[in-house]
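Each chain, letter by letter, is given below.
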Amino acid sequence: MTTNITFTMVKPDAVEANNIGPILAKINQAGFKIEAMKYMRLSKEQAGQFYIIHKDRPFYGELVEYMSSGPIVAAVLSKSNAVADYRKLIGATDPSKAEEGTIRKLFAKSIAANAVHGSDSDENAQIEADFFFSKLERF
Ligand code: IDP
Ligand code: MG
């Protein structure tokens, strides 16, 4: 299997709870290499743009408010089968439905404040990585 990428964020709830370190440790232990990383706060406009695909969902306003409520860690990760393997590592969107040992089971507070983002396809991984990082910021 060729190496490919996925995009992740440590979301504001997990940053606030001092779980950046434990989450990055899980990511490295699972065999992902960090290709790019930054610590930043999204404006409402940026959060709205990132999640534009969800603009018609009832939780869109809440999601944009939440994702711009505090700093996040954004990162590009690489590994064979990166997108699917990372979705497995993070677990279900709703932490009450996430498998034991997954990042969301361990660290998420709720279906909205669910600790991490993970890309859902190779195409979206590229779009999301390009949204946050220039070529000069990727290794
Ligand atoms: P995913 O992050 O597991 O891919 P999506 O369906 O793409 O889940 O939803 C994007 C984000 O929107 C979720 O991670 C979560 O933060 C938020 N979200 C999803 N469903 C709900 C909901 O029913 N209520 C509130 N927030 C939600
Ligand atoms: Mg999604």
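Our structure's up above, just so we're on the same page.
On a predicted model such as this, the values are computed, not experimentally measured, just so you know.

Trainee: I'm lost on the packing of aromatic side chains in this one. Help?
Mentor: The description of an aromatic ring pair uses the distance of the two centres, along with the angle that the planes make with each other. Counted by the stated rule, this structure contains eight aromatic pairs. Each ring, one from Phe-50 and one from Tyr-51, has its centre 4.9 Å from the other, and the planes form 85 degrees; the classification is edge-to-face. A residue is classified by how much of its surface remains accessible, and Phe-50, at 10% relative accessible area, is buried. Residue classification places Tyr-51 among the buried residues on the basis of a relative accessible area of 6%. Aromatic pair Phe-132 and Phe-133: ring centres 6.4 Å apart, planes at 40 degrees, arrangement tilted. The pair Phe-132 / Phe-133 is uniform in exposure class, with both members buried. Three or more aromatic residues joined by ring pairs form one cluster here, namely Phe-7, Phe-50, Tyr-51, Phe-131, Phe-132 and Phe-133. Lying across the ring of Phe-32, Lys-79 places its NZ or CZ 5.6 Å from the centre.

Trainee: How should I be thinking about the nonpolar core in this particular structure?
Mentor: Nonpolar side chains in soluble globular proteins tend to be buried together. Phe-7, Met-9, Met-67 and Phe-132 are the most contacted members of the largest nonpolar core, which totals 22 residues. For this core, the secondary structure elements donating two or more residues are strand 1 (3-10), helix 3 (44-50), helix 4 (60-67), strand 3 (72-80) and helix 7 (122-132). Those residues in contact with Met-9, other than ones at most four positions away along the chain, are Leu-42, Phe-50, Tyr-51, Met-67, Ile-72, Val-73, Ala-74, Ala-115, Val-116, His-117 and Phe-132.

Trainee: Teacher, can you tell me more about the layout of surface pockets here?
Mentor: Remark: the empty space left among the atoms is shown by a probe the size of a water molecule rolled over them. Reported here for the largest pocket is a volume of approximately 620 Å³. Tyr-51, Ile-53, His-54, Leu-63 and His-117 are the residues nearest the centre of the largest pocket, which is lined by 26 residues in total. Within the residue set of the lining of the largest pocket, elements represented by two or more residues are helix 3, helix 4, strand 4 (116-118) and helix 7. A total of four residues in the lining of the largest pocket trace back to one element, the largest contributor, which is helix 7.

Trainee: Explanation requested: the sheet that holds strand 1 in the structure shown.
Mentor: Consider a sheet: its strands pair through backbone hydrogen bonds, and that pairing is either parallel or antiparallel. The four strands lie next to each other as 2-3-1-4, forming an open sheet whose pairing is antiparallel. Edge positions in the sheet fall to strand 2 (33-40) and strand 4, since each of these pairs with one other strand and no more. When strand polarity is set aside, the average angle formed by the axes of neighbouring strands in this sheet is 20 degrees. In this sheet, strand 3 lies alongside strand 2 in antiparallel orientation, the contact comprising seven bridges. Each residue of the ladder has a partner; that of Lys-38, found in strand 3, is Ala-74.

Trainee: Looking at this structure, I do not really get the pairing of strand 3. What am I missing?
Mentor: When a strand is regular, its side chains alternate between the sheet's two faces. The buried fraction of strand 3 amounts to eight of the nine residues, a majority that puts the element mostly inside the structure. Pairing between strand 1 and strand 3: eight bridges, direction antiparallel. Across the sheet, residue Phe-7 finds its bridge partner in strand 3, namely Val-76.

Trainee: Help me understand the pattern of salt bridges, please; the structure alone is not making it clear to me.
Mentor: A side chain of one charge can pair with a side chain of the opposite charge if their charged atoms are brought near each other. Per the stated rule, a full pass over the model turns up eight salt bridges. For Lys-79, the salt bridge goes to Asp-85, with nearest N and O atoms at 2.5 Å. Classification of Lys-79 by relative accessible area gives buried; the value is 17%. Ionic pairing is found between Asp-130 and Arg-138, a salt bridge with its closest N-O pair at 3.5 Å. For Asp-130, a relative accessible area of 52% corresponds to the exposed category. The exposure class assigned to Arg-138 is partly exposed, which follows from its relative accessible area of 22%. Shared partners join several salt bridges into a network, and the residues in it are Glu-35, Asp-130 and Arg-138.

The rules behind each value
Every chain is numbered on its own, with residues counted from 1 as its sequence reads. Ligands are numbered from 1 and chains lettered from A, in the order in which they are written. Local features in this predicted model are restricted to residues of pLDDT 70 or higher, and side-chain atom pairs are both shown and tallied only at a pLDDT of 80 or more, whereas totals for entire chains, interfaces and linings draw on every residue. Excluding hydrogens and water, the side-chain figures rest on all heavy atoms present in the structure. Only centres within 6.5 Å qualify two rings of Phe, Tyr or Trp (six-membered ring in Trp) as a pair; their planes then separate them into stacked at under 30 degrees, edge-to-face at over 60, and tilted for everything else. Think of it in three bands: with a 1.4 Å probe and only protein chains considered, a residue is buried below 20% of the maximum accessible area for its type, exposed above 50%, and partly exposed in between. Only when the NZ atom of a Lys or the CZ atom of an Arg is both within 6 Å of the ring centre and within 35 degrees of the ring normal do we say a charge sits over the ring. Within this scheme, the nonpolar core is defined by two criteria: the residues are buried Ala, Val, Leu, Ile, Met, Phe, Trp, Tyr or Cys, and they are joined through side-chain atoms within 4.5 Å. Helix and strand assignments follow DSSP, with helices taken as H or I runs no shorter than four residues and strands as E runs no shorter than two, numbered in order from the N terminus. For this analysis, residues touch if any pair of their heavy atoms sits within 4.5 Å. Points on a 1 Å grid, built from protein atoms alone, make a cavity when a 1.4 Å probe fits but cannot get out and make a pocket when they are open with protein on both sides within 12 Å along at least 5 of 7 lines; residues with an atom within 4 Å of a point are the lining residues. Grid points are joined across faces, edges and corners, and a volume is the space filled by probe spheres set on the points. Strands pair, by our definition, only if DSSP identifies at least two bridges between them. Fitted lines through C-alpha atoms give the axes, limited to the stretch in contact for helices. The angle between two N-to-C directions lies from 0 to 180 degrees. By salt bridge we mean one thing: a side-chain nitrogen of Lys or Arg within 4 Å of a carboxyl oxygen of Asp or Glu.

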